[in-house]
Amino acid sequence: MTKEQIDYVTCVIVALALITGKSCSWIYQKLHAAGLIKDYIAASYDVLHTFSLDYVAEDVIRLLKKKGYALC
């Protein structure tokens, strides 16, 4: 991953933590277990970073639910 992708993944994790009230480490563990950090957030950085963090966070929450992971 590039530095920009790592920074962006961090921003998404913080946004999810703020929305859900969970810790950043807990969010990271869920995203990592679901394979979304490398395979979705970092891989789609070029497109995702053009959207608001709230939109991306809600999108990630929907993807996690589809994969059987709940954040709330």
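On a predicted model such as this, the values are computed, not experimentally measured, just so you know.

In the structure shown here, the tally under the stated rule is two salt bridges. Across the pair Lys3 and Asp7 runs a salt bridge, and its minimum N-O distance is 2.8 Å. Here Asp7 and Lys3 lie together in helix α1 (residues 3-20), a separation of four residues that amounts to about one turn. The exposure class assigned to Lys3 is exposed, which follows from its relative accessible area of 58%. A residue is classified by how much of its surface remains accessible, and Asp7, at 36% relative accessible area, is partly exposed. Its salt-bridge partner being Asp59, residue Arg62 comes within 3.5 Å of it at the nearest N-O pair.

Next up on the list: the side chain of Gln5. Along the chain, Gln5 turns up in helix α1. For Gln5, a relative accessible area of 18% translates into the label buried. Excluding its chain neighbours within four sequence positions, the residues that come into contact with Gln5 are Ala42 and Tyr45.

A few words now on a nonpolar patch on the surface. Side chains of Val47, Phe51 and Tyr55 sit close together on the surface and give an oily, nonpolar patch of about 300 Å² of accessible area. Position of Tyr55 among the secondary structure elements: in helix α5 (residues 53-66). Accessibility expressed as a relative area gives 43% for Tyr55, which makes it partly exposed.

On to the environment of Asp46. Inspection of the secondary structure assignment puts Asp46 in helix α4 (residues 45-48). Overall, the relative accessible area of 62% leaves Asp46 in the exposed class. Put simply, Asp46 and Trp26 are 20 residues apart on the chain and 26 Å apart in space, counted from C-alpha to C-alpha.

Position of Gln29 relative to the elements: it lies in helix α2 (residues 24-34). Residue classification places Gln29 among the exposed residues on the basis of a relative accessible area of 52%. Along the primary structure Gln29 and Tyr40 are separated by 11 residues, whereas in three dimensions their C-alpha atoms are 15 Å apart.

Conventions adopted
Residues numbered from 1 in each chain as written. Predicted model: local features only at pLDDT ≥ 70, side-chain atom pairs only at ≥ 80, totals over all residues. Heavy atoms only, no water. Salt bridge = Lys/Arg side-chain N within 4 Å of Asp/Glu carboxyl O. Helix = DSSP H or I, 4+ residues; strand = E, 2+ residues; numbered from the N terminus. Buried < 20%, exposed > 50% of the residue type's maximum accessible area, 1.4 Å probe, protein only. Contact = heavy atoms within 4.5 Å. Patch = residues over 30% accessible without salt bridge, like charges linked within 9 Å, V, L, I, M, F, W, Y side chains within 5 Å. Areas by Shrake-Rupley, 256 points an atom, 1.4 Å probe, with all protein chains shown as cover.

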